Amino acid sequence: MSQPRNKTKRNNKKNKSNGSGNGFELPTGAGHGMPNLKSDELAPNIEDSAGEFLTTNHGVRINDNQNSLKAGDRGPTLLEDFILREKITHFDHERIPERVVHARGSGAHGYFQVYESMAPYTKAHFLQDPLAQTPVFVRFSTVVGSRGSTDLARDVRGFAVKFYTQEGNFDLVGNNIPVFFIQDAIKFPDLVHAIKPEPHNEIPQAASAHDTFWDFISLMPESMHMIMWVMSDRAIPRSYRMMEGFGVHTFRFINDRGKARFVKFHWKPLLGLHAVVWDEAQKISGKDPDFHRRDLWEAIENGDYPQWELGVQIVEEKDEHSFDFDLLDPTKIIPEEIVPVQRIGKLTLNRNPENFFAETEQVAFHIGNIVPGIDFTNDPLLQGRLFSYLDTQLLRLGGPNFHEIPINRPVAPLHNNQRDGFMRQTINRGQTSYDPNSLRGGCPFQAGMDMSGFASYAERIDAQKVRQRSASFFDHFSQATLFYRSQSEPEQNHIVRALRFELGKVETPPIRERMLYLLAQVDTDLANRVAAGLGLTVPKKLDKPLNLSVPADGDPRKFQPKRSTAEIEPSPALRMVDNPNFTLKSIKTRKIAFLVADGYNDAAVNEMKMSLMKAGALAMTVAPRLGVLTGAGGDPLNADCSLLTGSSVLFDAVYVPDGEASVAALEAEPEALNFLNEAYKHCKTIAASGAGIELLAKAGLPVSVSEGDSENGSPMEGSMDPGVIVGRNGDMAALAENFILGIARHRHWERELSMMGDPAQMPGVPASKRARASV
């Protein structure tokens, strides 16, 4: 009888061998058949139990895993049961401390490829060869919540990329927002303590809508630019795949001649910039708190590999002081109209982790992991992060050898004199562990700069040692104003509503008043609108100085904000709606709900499904029950979700096909009508054909006839809403075309604007009453 062999293997039908001879298989499309060095390096650590015997951690095969060892079948358990003790002991120690911030995350493997050599700007090896593909691991995250919190909290999203380059690991540890709350790292513990659940009752979880956070912010005007971003739709993205990423800080590029330039890093999503609305985010948190995590996983499993382009803003050193803001200030951006973003390469994520804990949870990013050709600046927040990111891993991952955990190991060889410590895995050969030495010929020896040896940029510094902040850091409002005034009308409305929600949760009136005064420094209309929602008026002055972040012996007058006198011109690159950087109108990977029941029109469903699939979308059926549905023509159709398990907030658009029996069954389901009402309220595209139009009318939605050509996705004839598209004449091709154009707009924000202040415009109000209300 043949026995299972002990071997490391990977089973994945989608994958193909990379020819490395180690039994590991590279995902199809990963590097277009090119070997992935990090995948090869991870291969020996992958365990697959298929066809194998159950063993202890020491390789002893286990005969009985159902019963502990006892003195008789009803007697006491014996201490000698080493199998029980090992199993329970390991279980008791499985948890490690979660990250203080960015605890909840999701990760994926992939590769980066530069478009052309960046040699004029940087000598970094991975930015030279357009044919080379650098392995990466990317972790997305929320910042505030714990590991078990929701994906859809209003929060900053972490966007951390580990490049496994041939010169060592480079970690670009950024966010989906290009600025931060504070200018100096010494305030980071205060910020996190303020935004985390309040210590007396551990409430609220993964939320900033509470007193301690807004108390802190109301006394820290340097946070106002960041507040505008966090209160915007950027803080509730539709998907990780549909959000930008930023390096936040200003770094340096250094070329092989030693010339340095300032650089800011950007990630531009190829699927465009999209968000959900706040009401939708709250409901998704209840329906599927893993929404973003699931979205990323399923996209990769389906072969819809997420992609971003790496962009850089490069500034010559001679121009460092030519702006009305400081390049070293992490609360400021360089507007793209001043310094355009050059797109220099593409990031592709094409493989999900084998094990969440081993990879996504144990991956350790450190902003100090850089390679020759990239260096730091004197940004005071960046300088503090250089300490914090390394220090936190010592506790979280159990000691100084966390770099040996497989996901953290570089593909570049490691040779140094660091030794021992908890969980050391490397077996260092030889008798020396010091430098200099003669016993091993001086090895490992230092590398010259011509051998990729890292040498820090020789920046000239002529200054006194002081605890001070540069006067160029004190304009706290100009860029906050720039961001708010650059938003489209719907986006500005969302910021107002977000601030009303957040400050409405604050229980201390003086905190609200201080915040309204700060908002007035950003934009008086913004402040007045927020105040109206709180039943307050904007204070004309404050009793105390605006900025209370002042040293004990400092003169408060010297620390008050100073606004730039430059005229503020809106920046279209800062908005999400009609952003000029994202002009591609695509519905690729969008999820479309088909609302159906037994008796649906087979032909209508099949034709619409084929049209959507050709456009790259995913059609999913939502029905009153699970199981197999039967069409009017006898075709079977599997229900992907029931009305109980599938909600409109989990989809991007809705289609109701023809079929009198199907529509009659849906009309009897209150949840079906609510499904449509909710989709309409959230400004999504809704389509119906034949009898399906009756269901829209029953739900109180405006309906019209879709015939002939369309403009911007809206029917030319009889349209009451450009996002509600119907067809009575059986021309499914025209209906599908209009539907696809409507979905490509993402949301129909004009619907939201028309409903504001007019309850008769809300879904659920019959069209006849809606018309009378508008007369």
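Residues numbered from 1 in each chain as written. Predicted model: local features only at pLDDT ≥ 70, side-chain atom pairs only at ≥ 80, totals over all residues. Heavy atoms only, no water.

Peer 1: So what's going on with the overall build of the chain? Which residues, and what values?
Peer 2: Of the regular secondary structure elements, the chain holds 20 helices and 22 strands. Relative to the compact-globule value of 28 Å for 775 residues, the chain shows a C-alpha radius of gyration of 29 Å, a close match. For the C-alpha atoms alone, the extent of the chain along its principal axes is close to 95 × 85 × 60 Å. In the chain, once contacts between residues fewer than 6 apart in sequence are set aside, the share between residues at least 24 apart is 73%. Roughly 36,000 Å² of accessible area belongs to the chain as shown, and the carbon and sulfur atoms make up 53% of that amount. (Helix = DSSP H or I, 4+ residues; strand = E, 2+ residues; numbered from the N terminus. Rg over C-alpha atoms; globule rule 2.2 N^0.38 Å. Contact = heavy atoms within 4.5 Å. Areas by Shrake-Rupley, 256 points an atom, 1.4 Å probe, with all protein chains shown as cover.)

Peer 1: Could you give an account of helix H16 (residues 670-681), with specific residues and numbers?
Peer 2: With 12 residues, H16 extends 16 Å from end C-alpha to end C-alpha; this agrees with the ideal 16 Å at 1.5 Å per step. Every buried residue of H16 is listed here: Ala672, Leu673, Phe675, Leu676, Asn677, Glu678, Ala679 and Tyr680. (Expected span 1.5 Å × (residues − 1). Buried < 20%, exposed > 50% of the residue type's maximum accessible area, 1.4 Å probe, protein only.)

Peer 1: How would you summarise unusual backbone geometry if you had to cite specific residues and measurements?
Peer 2: Trans peptide bonds make up most of the peptide bonds, and negative phi angles are found at most residues other than glycine. Across the junction of Ile203 and Pro204, the peptide omega takes the value -5°, indicating a cis bond. Structurally, Pro204 can be placed in the loop between helix H3 (188-195) and helix H4 (211-218). Cis peptide bonds are those with omega within 30 degrees of zero, and the linkage from Cys443 to Pro444 qualifies with -5°. Looking at where Pro444 falls in the secondary structure, it is placed in the loop between helix H9 (380-396) and helix H10 (478-486). Of note in this structure, Glu202 is not a glycine but carries a positive phi near 55°. Along the chain, Glu202 falls in the loop between H3 and H4.

Peer 1: Summarise the sheet that holds strand S17 (residues 641-642); cite the residues concerned and give the values.
Peer 2: The strands that make up a sheet are held in pairs by hydrogen bonds between backbone atoms, and each pair lies either parallel or antiparallel. The strand order S17-S14-S13-S18-S19-S22 describes an open sheet built from 6 strands, whose pairing is parallel. Two strands bound the open sheet, and with one partner strand each, they are S17 and strand S22 (724-727). Of the strand pairs in this sheet, strand S13 (residues 591-595) and strand S14 (residues 618-623) are connected by 5 bridges, and their pairing is parallel. Residue Leu595 lies in a different strand from S14, and its bridge partner there is Val622. Along the sheet, helix H18 (residues 732-744) makes contact with S13, strand S18 (653-656), strand S19 (685-689) and S22, crossing S19 at roughly 170°. (Pairing = 2+ DSSP bridges. Axes fitted to C-alpha atoms, helices over the stretch in contact; angles between N-to-C directions.)

Peer 1: Requested: an account of the side chain of Asp155, with residues and values cited.
Peer 2: With respect to the helices and strands, the residue Asp155 is situated in the loop between strand S4 (134-142) and strand S5 (157-165). In this structure Asp155 is buried but unpaired, with Arg157 as the nearest side chain of opposite charge at 5.6 Å. Within the local environment of Asp155, its side chain forms a polar contact with the backbone nitrogen of Val144, the two atoms lying 2.7 Å apart. Apart from the residues lying within four places of it in its own chain, the contact partners of Asp155 are Thr142, Val143, Val144, Gly145 and Ala235. (Lys, Arg positive; Asp, Glu negative; His and termini not counted. Salt bridge = Lys/Arg side-chain N within 4 Å of Asp/Glu carboxyl O. Polar contact = N/O pair within 3.5 Å; in protein donor to acceptor, adjacent residues only side chain to side chain.)

Peer 1: Hey, could you go over the pairing of strand S6 (residues 168-175) for me, with residue numbers and the actual values?
Peer 2: Of all the 8 residues making up S6, 8 are buried; the element is thus mostly covered by neighbouring parts of the structure. Relative to S6, S5 runs antiparallel, the two sharing 8 bridges. By the bridge assignment, Gly158 is partnered in S6 with Asn175. In textbook terms, the turn of a hairpin is the stretch between consecutive antiparallel strands, and for S5 and S6 this stretch comprises 2 residues.

Peer 1: Mind laying out the environment of Leu386, listing which residues take part and the relevant values?
Peer 2: Positionally, Leu386 belongs in helix H9. Remark: the alpha-carbon pair of Leu386 and His366, spanning 20 residues in sequence, is separated by 7.3 Å.

Peer 1: Give me the lowdown on the pattern of salt bridges, citing residues and values where you can.
Peer 2: All chains considered together, the criterion is met by 38 salt bridges. The closest approach of N and O atoms between Arg409 and Glu41, which form a salt bridge, is 2.4 Å. One end of the pair, Arg409, is in the loop between H9 and H10; the other, Glu41, is in helix H1 (residues 37-42), and 368 residues separate them in sequence. Residue class for Arg409 comes out buried when judged on its relative accessible area of 19%. Its salt-bridge partner being Glu244, residue Arg234 comes within 2.6 Å of it at the nearest N-O pair. With Arg234 in the loop between helix H5 (224-230) and strand S7 (245-246) and Glu244 in the loop between H5 and S7, this residue pair connects regions lying 10 residues apart in the sequence. Of the residues examined, Arg234 reaches a relative accessible area of 5% and is grouped as buried.

Peer 1: Describe empty space enclosed by the protein, naming the residues involved and giving the relevant values.
Peer 2: Under the counting rule described, the total for this entry stands at 5 cavities of 30 Å³ or more. Size it by volume and the largest cavity reaches roughly 180 Å³. Broken down by element, the residue count for the lining of the largest cavity peaks at 4 residues, all from strand S9 (residues 260-269). Here the residues of the lining of the largest cavity sort into 10 nonpolar, 5 polar and 6 charged. (1 Å grid on protein atoms, 1.4 Å probe; cavity = no way out; pocket = protein on both sides within 12 Å on 5 of 7 lines; lining within 4 Å. Points joined across faces, edges and corners; volume = space filled by probe spheres on them. Nonpolar A, V, L, I, M, F, W, Y, C, P; charged D, E, K, R; others polar.)

Peer 1: Outline the packing of H3 against H4, listing residues and values.
Peer 2: Across the interface, H3 lies against H4 with an axial gap of 6 Å and an inter-helix angle of 140°. Contacts between H3 and H4 involve Asp190, Leu191, Ala194 and Ile195 from the first element and Thr212, Phe213 and Phe216 from the second. For the contact of H3 with H4, the residue count by class is 5 nonpolar, 1 polar and 1 charged.

Peer 1: Requested: an account of the nonpolar core, with residues and values cited.
Peer 2: Grouped together as the largest cluster of nonpolar side chains are 54 residues, with contacts concentrated most on Phe181, Trp214, Met228, Leu499, Leu519 and Leu526. Listed by contribution, the elements that provide at least two residues to this core are H3, H4, H5, H10, helix H11 (489-504), helix H12 (509-522) and helix H13 (524-534). Take this core: its biggest share by element is 8 residues, from H12. If we skip the residues at most four places from it in the chain, Leu526 touches Met228, Tyr484, Ile495, Val496, Leu499 and Leu519. If you look at the next biggest cluster of nonpolar residues, it comprises 49 residues, including Phe137, Ala160, Val371 and Ile374. (Core = buried A, V, L, I, M, F, W, Y, C linked by side-chain atoms within 4.5 Å.)

Peer 1: Outline the environment of Ser208, supporting the account with residue identities and numerical values.
Peer 2: Within the secondary structure, Ser208 sits in the loop between H3 and H4. When the C-alpha atoms of Ser208 and Val230 are compared, they prove to be 9.8 Å apart, with 22 residues separating the residues in sequence. Other than its neighbours up to four places away in sequence, Ser208 contacts Ile195, Phe213, Trp214, Met231 and Glu502. Polar contacts involving the side chain of Ser208 include one to the side chain of Glu502, which spans 2.7 Å.

Peer 1: Before we move on, could you go through the packing of H10 against H11 and cite the residues and values that matter?
Peer 2: In the contact formed by H10 and H11, the axes pass within 8 Å of each other and the chain directions differ by 120°. With respect to H11, the element H10 is oriented oblique. Counting all contacts with H10, which are made through Phe483, Tyr484 and Arg485, the residues of H11 involved are Gln492, Ile495 and Val496. Tallied by class, residues from the contact of H10 with H11 come to 4 nonpolar, 1 polar and 1 charged. (Parallel < 35°, antiparallel > 145°, perpendicular 65-115°, else oblique.)

Peer 1: Mind laying out the environment of Leu534, listing which residues take part and the relevant values?
Peer 2: Tracing the backbone through its elements, the reader meets Leu534 in helix H13. In this structure the C-alpha to C-alpha distance between Leu534 and Glu459, which are 75 residues apart in sequence, comes to 51 Å. Excluding anything up to four places from it in sequence, Leu534 contacts Arg500, Leu503, Gly504 and Leu516.

Peer 1: Explain the packing of aromatic side chains to me, and be specific about the residues and the numbers.
Peer 2: Under the counting rule described, the total for this entry stands at 26 aromatic pairs. Aromatic pair Phe140 and Phe159: ring centres 4.9 Å apart, planes at 80°, arrangement edge-to-face. Highlighted residues: Phe140 in strand S4 and Phe159 in strand S5, separated in sequence by 19 residues. Exposure class is identical for Phe140 and Phe159. Each is buried. Within the aromatic cluster, the residues linked to one another by ring pairs are Phe112, Phe126, Phe140, Phe159, Phe163, Phe170, Tyr240, Phe251, Phe253, Phe265, Trp267 and Trp308. Between Arg154 and the ring centre of Trp278, over which it is positioned, the NZ or CZ distance is 5.0 Å. (Phe/Tyr/Trp six-rings, centres within 6.5 Å; stacked < 30°, edge-to-face > 60°. Lys NZ or Arg CZ within 6 Å of the ring centre and 35° of its normal.)

Peer 1: How would you explain the side chain of His266 if you had to name every residue and give the values?
Peer 2: In this fold, His266 is placed in strand S9. Assessed through its relative accessible area of 6%, His266 is described here as buried. Reaching out from His266, the side chain makes a polar contact with the side chain of Gln313 at a distance of 2.8 Å. Those residues in contact with His266 that lie beyond four places of it in its chain are Gly245, Phe246, Glu309, Leu310, Gly311, Gln313, Glu336 and Val341.

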